[in-house]
Amino acid sequence: MRKRIVAGNWKMNKTPSEAALLIGELIPLVNNDNVEVVFCVPAIDIPCAVELTKDTNIKIGAENMYFEDKGAFTGEIAPGMLKDAGVKYVILGHSERRQYFAETDETVNLKVHKAFEYGLTPIICCGETLKQREQGITIEWVCMQIKIALLGLTPEQIANTVIAYEPIWAIGTGVVATKEQAQEVCSAIRACVRSIAGDEAADAIRIQYGGSVTGDSAPELFAMEDIDGGLVGGASLKPDFGRIVNA
Ligand code: PEP
């Protein structure tokens, strides 16, 4: 049985003092031991988020990291820094990182390896544009992204990875993929993992859907066979996140 995982992606929102208020508000709403709950927060909010959630079921994640251990990379954050600060998860390859910060499948792969080296669990994002969906290449595109991201990992590492399928046309738009659309791609991702890492990894890996999920849409999405939870942007900053976790 795969444990469900619901992660919030706060993006570039909430100062440390605002983060403390929001965390205090969300703690009682997301208290559910059947679900792994992760708050992926801006780097500057990590110390206070780790401190405030230390006796709760919530784990803290980062929204990005660099693929080198340390050195002259001004403005970047190293995996060892995240680990030392108490971070457990790290989002890699979010479409906004790809669009605005030139992230590629190759740099995502380097980061995934580094994350495992430091005991961080990667949440690897993939997803197609609207144009790619209209061209009928969604499955090929997403499977290619996943194959490159997972290159060189052991089946055990792949089993411990989280993949977030996030159609770009659904991120921050209020347009949610239908449960059938989301299931079709998540099932293709699992088949792709099966072909490269075997049955055990494919049955263990957790695949999230992300893209305008709310408390209203979460129950039917999370009921689909290959959807093991969600990566949530906008709604993770509101009490609605509690409804999503409990869905
Ligand atoms: C995201 O940024 O990962 C995301 C899914 O955002 P939203 O839920 O706001 O569409």
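Structure first, text after, so check above.
Residues numbered from 1 in each chain as written. Predicted model: local features only at pLDDT ≥ 70, side-chain atom pairs only at ≥ 80, totals over all residues. Heavy atoms only, no water.

Colleague: How do you make sense of the overall build of the protein when you look at a structure like this?
Modeller: If you tally the helices and strands in the protein, you get 12 helices and eight strands. Here the protein has a C-alpha radius of gyration of 17 Å; the compact-globule value for 247 residues is 18 Å, and the two agree. Counting only C-alpha atoms, the protein reaches 45 × 45 × 35 Å along its principal axes. Relative to its full complement of 247 residues, the protein shows a buried share of 53%. Partitioning the intrachain contacts of the protein with sequence separation of at least 6 by distance along the chain shows that 73% fall at a separation of at least 24. By element, 55% of the accessible surface of the protein is carried by carbon and sulfur atoms, the whole surface being about 11100 Å². Between the averaged position of the 23 positive side-chain charges in the protein and that of its 33 negative side-chain charges there is a distance of 1 Å. (Helix = DSSP H or I, 4+ residues; strand = E, 2+ residues; numbered from the N terminus. Rg over C-alpha atoms; globule rule 2.2 N^0.38 Å. Buried < 20%, exposed > 50% of the residue type's maximum accessible area, 1.4 Å probe, protein only. Contact = heavy atoms within 4.5 Å. Areas by Shrake-Rupley, 256 points an atom, 1.4 Å probe, with all protein chains shown as cover. Lys, Arg positive; Asp, Glu negative; His and termini not counted. Charge placed at Lys NZ, Arg CZ, Asp CG, Glu CD.)

Colleague: I would appreciate a short explanation of empty space enclosed by the protein in the present structure.
Modeller: A probe matching the size of a water molecule, rolled over the atoms, marks out where space remains unfilled. Scanning the model with the defined rule gives one cavity of 30 Å³ or more in all. Here the largest cavity defines a volume of roughly 50 Å³. Taken together, Gly93, His94, Ser95, Arg98, Cys125, Cys126, Gly127, Gln145, Glu166, Ile168 and Ile171 make up the lining of the largest cavity. Put simply, the parts of the chain that give the lining of the largest cavity at least two residues each are helix 4 (95-101) and strand 5 (121-126). (1 Å grid on protein atoms, 1.4 Å probe; cavity = no way out; pocket = protein on both sides within 12 Å on 5 of 7 lines; lining within 4 Å. Points joined across faces, edges and corners; volume = space filled by probe spheres on them.)

Colleague: Looking at this structure, I do not really get the packing of aromatic side chains. What am I missing?
Modeller: Each aromatic ring pair is summarised here by two numbers: the centre-to-centre distance and the angle between the ring planes. Tallied over the full model, the rule gives six aromatic pairs. Linked through ring pairs, Trp10, Phe39 and Phe241 together constitute an aromatic cluster. (Phe/Tyr/Trp six-rings, centres within 6.5 Å; stacked < 30°, edge-to-face > 60°.)

Colleague: What exactly am I supposed to notice about the site of the ligand here?
Modeller: The local shell around the ligand holds 14 residues, among which Lys11, Glu166, Gly172, Ser212 and Gly233 are the closest. Take lysine 11: an N or O atom from its side chain is 2.6 Å from an oxygen atom of the ligand. Calculation on the ligand without its partners gives an accessible area of 290 Å², and the protein chains cover 95% of this total. For the shell around the ligand, the residue count by class is four nonpolar, eight polar and two charged. (Near = heavy atom within 4 Å. Polar contact = N/O pair within 3.5 Å; in protein donor to acceptor, adjacent residues only side chain to side chain. Nonpolar A, V, L, I, M, F, W, Y, C, P; charged D, E, K, R; others polar.)

Colleague: So what exactly am I meant to see when it comes to the nonpolar core here?
Modeller: Nonpolar side chains in soluble globular proteins tend to be buried together. Within the largest apolar cluster, 66 residues are counted, with the highest numbers of intra-cluster contacts made by Phe39, Ile189, Val193, Tyr209, Phe241 and Ile244. Among the elements that take part in this core, helix 9 (residues 179-197) stands out by supplying eight residues, more than any other. Non-local contacts of isoleucine 189, meaning those with residues more than four positions away in its chain, are made with Cys126, Val142, Ile146, Ile163, Tyr165 and Ile207. Of all hydrophobic cores here, the second largest spans 11 residues; its members include Val38, Cys40, Tyr89 and Cys125. (Core = buried A, V, L, I, M, F, W, Y, C linked by side-chain atoms within 4.5 Å.)

Colleague: Before we go on, may I ask you to explain the pairing of strand 1 (residues 4-9) in this structure?
Modeller: Side-chain direction in a regular strand flips from residue to residue, so the side chains alternate between the two faces of the sheet. Of all six residues in strand 1, five are buried, a share of seventy percent or more. Sheet topology places strand 1 next to strand 2 (residues 35-40); six bridges connect them, and they run parallel. Along strand 2, the bridge assignment pairs glycine 8 with phenylalanine 39. Direction of pairing for strand 1 relative to strand 8 (residues 229-232): parallel, over a ladder of four bridges. (Pairing = 2+ DSSP bridges.)

Colleague: Whenever I open this one, helix 5 (residues 105-117) confuses me. Can you help?
Modeller: Every α-helical turn comprises 3.6 residues, leaving residues that sit three or four positions apart pointing alike. Under the 1.5 Å per step criterion, the end-to-end length of helix 5 is 19 Å for 13 residues, consistent within 8% with the ideal 18 Å. Of all the positions in helix 5, only Asp105, Val108, Asn109, Lys111, Val112, Lys114, Ala115 and Phe116 are classed as buried. One or two steps after helix 5, the chain reaches glycine 119, where phi turns positive at roughly 75 degrees. (Expected span 1.5 Å × (residues − 1).)

Colleague: How should the side chain of glutamate 36 be read in this particular structure?
Modeller: Tracing the chain through its elements places glutamate 36 in strand 2. Residues contacting glutamate 36, with those up to four places away along its chain left out, are Lys3, Arg4, Ile5, Val6, Lys59, Tyr89 and Arg206.

Just geometry here; none of it tells us what the structure is for.
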